[in-house]
Structure formats: structure tokens, C-alpha cells
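Structural characterization, general
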Amino acid sequence: MKCKRCRRAGAAVELPSHHAAFCPDCFFVFFRRQVKEGIRKLRLFSPEDRVLVCVSGGKDSLVLWDVLMEEGYETEGLYIDLGIEGYSDRSKEKVLAYAASRGKTPIVVELSKEGIPIPEAARCVRMQECSICGTVKRYFFNRVAAEGKFTVVATGHNLDDETARLLGNLLHWQRDHLARQHPFLPEAGEGLVRKVKPLWRVTEMETAAYGFLKGIDYVTEECPMSEDATSLVYKEALSRIEDKMPGTRIVFYQGFLDPSNPLRKSPEAAYEPDEEEGGGSPRACASCGAPTFAETCSFCRLKERVRKARSLRAGRASA
Ligand code: AMP
Ligand code: FES
Ligand code: ZN
């Protein structure tokens with residue numbers, strides 16, 4: 001098969017949704033163009049911004065960091081060690097090794113040192129690991145960014161992630177969630193830092209191909225605590241549609257982002273008050289000072305519940 005761009009034989013990546021196949025070098029050019037286009041179209045950030053890239057050790061976030069560095073953006077990596085036996089150590093190794101290969105040292109937050117390792121915290125409050133993990137990660141993404149004077153927080157969510165979430169939100173008519181499902185959430189008062197998803201135009205397969213061809217070593221195992229079976233069902237359904245009708249995913253997502261789409265609010269409206277999630281103008285958490293739409297932020301409320309459960313247990317053990 002010939003490469004669509006340089007016309008030489010030896011195309012390594014076939015992309016039916018773009019009616020194209022590329023050799024490795026031309027695929028790198030194509031992939032980076034897609035990411036740049038994603039940043040430009042939604043004005044996610046500019047060369048003046050300081051970008052905190054949240055890296056989990058998986059392919060998406062390491063590829064994102066790689067592309068942003070190659071494009072000359074000012075970036076630092078943040079890894080949150082969730083305290084999950086085995087898995088967290090293996091993920092951290094990948095992040096540290098990748099960063100070292102690029103002459104970087106990532107910022108590392110260890111949840112066990114913060115007193116809230118995910119597995120133990122989940123046991124204490126009798127909740128699914130993943131539901132508290134999201135709250136804790138979001139809290140530290142913003143806190144590290146605000147403390148380090150970063151202007152943007154970037155995560156590695158790709159087109160497959162975003163369309164699966166969109167399908168889920170549409171099937172359940174989660175209108176408020178739709179408003180917050182934008183690859184750009186603006187900064188707001190009290191140190192709420194802008195959040196962006198620069199890989200929104202590229203698929204999981206494209207990101208995996210980029211990582212593989214670039215020789216980026218990433219963790220392939222899923223988090224053992226992951227219970228998010230529903231998003232996998234949506235991903236599978238969309239993959240089957242994409243196989244039959246290449247290009248459906250990006251059409252679906254771009255249609256959602258179209259400003260004339262009545263179901264989509266502007267990113268600036270993401271913090272409009274609603275009954276379920278609060279919203280409005282952020283204020284400082286009464287306990288830790290982090291931006292929140294409630295009296296106390298969800299992280300501090302969670303920590304308090306964990307603290308109470310621990311002291312209850314300790315009381316029982318000594319009785
Ligand atoms: P997930 O929620 O696991 O699908 O991850 C979505 C994105 O969140 C990843 O692409 C990363 O950018 C970021 N992320 C997930 N886990 C971590 C972590 N432990 N440390 C830093 N960033 C993370
Ligand atoms: Fe959150 Fe696994 S518990 S990624
Ligand atoms: Zn707080």
C-alpha cells in the first residue's frame with residue numbers, strides 16, 4: 001500500500017475515516033496536524049500558556065505530552081500516584097522513564113502521603129474506587145496547576161472517549177452534563193484553572209499507532225479498579241458503527257460542538273448554576289480554599305468522611 005502523502009510504498013497506518021494510509025513519518029505529520037487543528041479550532045491555548053499535562057502512564061496522555069513538547073509548548077507533566085498496589089508503581093515507572101528520555105522530571109503527587117490512597121479511601125466510605133478517584137484527581141489537577149502558576153490543565157481524552165461519553169449523555173438525556181462536555185472549560189474565579197482535551201480530534205487507534213511508531217513505552221493494562229463497563233459498551237457500539245461507516249465518530253462529535261447545535265451550550269456557560277451540580281461563580285472552599293461551587297469542596301467532604309470512618313474503626317478496634 002502506498003502512502004497518501006509521499007506516494008512511496010510502505011504505508012504503515014491505514015485510516016479509512018480519512019480515506020488515507022500513511023508511512024510512519026507522514027503519519028507523524030498527519031497526527032500532529034490533527035492535534036494542532038484541534039487546539040486552533042477551539043482556541044484551547046496559545047504558545048504563551050503554561051500547560052500542565054496530566055500523565056497517567058497510558059498511551060493517550062504520554063502521546064499528548066510528546067506532541068505538545070514537539071510543537072514547542074511550555075509543558076510540565078503531573079502524575080498522581082493513586083496508591084493502587086502494583087498498577088500505580090508500574091504506571092509511575094512508565095511516566096518517569098518517558099519524562100527522563102525527554103529531559104523532564106514530572107511532578108508527582110502520592111495519595112498515600114496525602115492521606116487518601118484510593119483503595120483504602122473507597123473501602124472506608126463504601127464507594128466504588130473510580131467514583132472517588134475522579135473527584136480526587138480533578139482536585140489535584142487544579143491544585144497543582146494553580147500552585148504552580150500553570151494557565152492550562154491538559155488531559156489525554158481522545159475522540160473515542162468523548163464520543164462514548166456523548167452517546168451516554170444523549171441516551172440518558174443528561175442535558176446538564178452535555179454543557180460540561182466540551183474540550184475547553186474556561187478558567188474562573190478562586191483559582192479554577194482552564195481544562196482542555198487537545199486530543200479530541202484523534203481516535204484511540206491513531207493515538208496508539210503514534211505511541212507505538214514513536215517507541216513510547218506506556219502501560220497497556222487497565223486500572224484493576226476500573227468498573228466503568230458502560231463506557232466500554234458505548235465505545236464498542238461506536239466502533240461497530242465506525243467499521244461500517246468510517247468517519248461517523250468525528251461527524252457525530254463535530255456536530256455536537258457546532259455552535260448552532262441547540263443542545264450544546266457555550267463553554268463559558270459550563271458553570272451556570274444547575275440543581276444537580278451547583279454551579280454559578282466559584283468560591284473558596286471553607287476548609288482548604290480550593291475553588292468550589294458549594295460551601296466545602298467535594299474533596300474535603302470526601303476526606304472528612306474517610307477521617308470519620310477511620311476513627312470509627314480505630315474506636316471499634318480498641319474497644
Ligand atoms: P481516565 O479517566 O483514566 O480515562 O484518564 C483520562 C485522562 O486523565 C488521562 O488521559 C490523563 O490525562 C489523566 N489521568 C488519568 N489518571 C491520571 C493519573 N493517575 N495521574 C495524572 N493524570 C491522570
Ligand atoms: Fe480511578 Fe482506577 S480507580 S483510574
Ligand atoms: Zn476543600
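Focus on the coordination of the zinc ion (ligand 3)
Around the zinc ion (ligand 3), the protein supplies Cys285 (SG), Cys288 (SG), Cys297 (SG) and Cys300 (SG) as donor atoms, at distances of 2.2 to 2.4 Å. Each of the 4 donor atoms around the zinc ion (ligand 3) contributes to a set of angles spanning 104 to 116°, which defines the coordination as tetrahedral.

Structural notes on the side chain of Asn158
Inspection of the secondary structure puts Asn158 in the loop between strand E6 (152-154) and helix H6 (159-171). Side-chain polar atoms of Asn158 contact the side chain of Asp60, separated by 3.0 Å. At a separation of 3.0 Å, a polar atom in the side chain of Asn158 contacts the main-chain amide nitrogen of Asp160. Excluding anything up to four places from it in sequence, Asn158 contacts Asp60, Leu199, Val202, Thr203, Glu204 and Thr207.

Focus: the site of ligand 1
Surrounding ligand 1, one finds Cys54, Val55, Ser56, Ser61, Leu78, Tyr79, Ile80, Lys137, Phe141, Thr155, Gly156 and His157. Contact with the protein chains removes 74% of the 480 Å² of surface that ligand 1 exposes when unbound. Of all the secondary-structure elements, those providing two or more residues to the shell around ligand 1 are strand E4 (74-81) and helix H5 (129-147). If one sorts the elements of the shell around ligand 1 by residue count, E4 sits on top with 3 residues. Here the residues of the shell around ligand 1 are counted per class, giving 6 nonpolar, 5 polar and 1 charged.

Thoughts on the nonpolar core
Membership of the largest hydrophobic core comes to 46 residues, with the highest contact counts inside it found for Phe22, Phe27, Phe31, Phe45 and Leu68. Counting residues per element, this core draws most heavily on helix H1 (residues 24-41), at 7 residues. Sequence-distant contacts of Phe22, defined by excluding residues within four places in its chain, comprise Cys3, Lys4, Arg5, Ala11, Ala12, Val13, Leu15, Phe27 and Phe30. Counting residues in hydrophobic clusters, the runner-up holds 35 residues, among them Cys54, Val109, Ile118 and Leu302.

Quick word on unusual backbone geometry
At Arg43, a position not held by glycine, the phi torsion is positive, near 45°. Looking at where Arg43 falls in the secondary structure, it is placed in the loop between H1 and strand E3 (50-54). Its relative accessible area of 71% is what places Arg43 among the exposed residues. Unlike most non-glycine residues, Lys149 shows phi in positive territory, near 60°. With respect to the helices, strands and loops of the structure, Lys149 is situated in the loop between H5 and E6.

Re a positive patch on the surface
On the surface, Arg123, Arg126, Arg313 and Arg316 cluster together into a positively charged patch. With respect to the secondary-structure elements, Arg123 resides in helix H4 (residues 118-125).

Structural notes on the pattern of salt bridges
Counting across every chain of the model gives 27 salt bridges. Between Lys214 and Asp66 there is a salt bridge; the shortest N-O distance is 3.4 Å. In this pair, Lys214 sits in the loop between helix H8 (204-213) and helix H9 (229-244) while Asp66 sits in helix H2 (residues 59-70), placing the two residues 148 residues apart along the sequence. Relative accessible area serves as the criterion here: at 23%, Lys214 is assigned to the partly exposed category. A salt bridge links Glu221 to Arg90; its shortest N-O distance comes to 2.7 Å. With Glu221 in the loop between H8 and H9 and Arg90 in helix H3 (residues 87-101), this residue pair connects regions lying 131 residues apart in the sequence. Each of the salt bridges in this network shares a partner with another, and the network as a whole consists of Arg32, Lys36, Asp66, Glu70, Glu71, Arg102 and Lys214.

Analysis parameters
Residues numbered from 1 in each chain as written. Chains lettered and ligands numbered in written order. Predicted model: local features only at pLDDT ≥ 70, side-chain atom pairs only at ≥ 80, totals over all residues. Heavy atoms only, no water. Donors = N, O, S within 2.8 Å, 3.2 Å for Na, K, Ca; no water. Tetrahedral: all angles 85-135°; square planar, octahedral: opposite > 155°, others 65-115°. Helix = DSSP H or I, 4+ residues; strand = E, 2+ residues; numbered from the N terminus. Polar contact = N/O pair within 3.5 Å; in protein donor to acceptor, adjacent residues only side chain to side chain. Contact = heavy atoms within 4.5 Å. Near = heavy atom within 4 Å. Areas by Shrake-Rupley, 256 points an atom, 1.4 Å probe, with all protein chains shown as cover. Nonpolar A, V, L, I, M, F, W, Y, C, P; charged D, E, K, R; others polar. Core = buried A, V, L, I, M, F, W, Y, C linked by side-chain atoms within 4.5 Å. Buried < 20%, exposed > 50% of the residue type's maximum accessible area, 1.4 Å probe, protein only. Patch = residues over 30% accessible without salt bridge, like charges linked within 9 Å, V, L, I, M, F, W, Y side chains within 5 Å. Salt bridge = Lys/Arg side-chain N within 4 Å of Asp/Glu carboxyl O. Lys, Arg positive; Asp, Glu negative; His and termini not counted. Charge placed at Lys NZ, Arg CZ, Asp CG, Glu CD.

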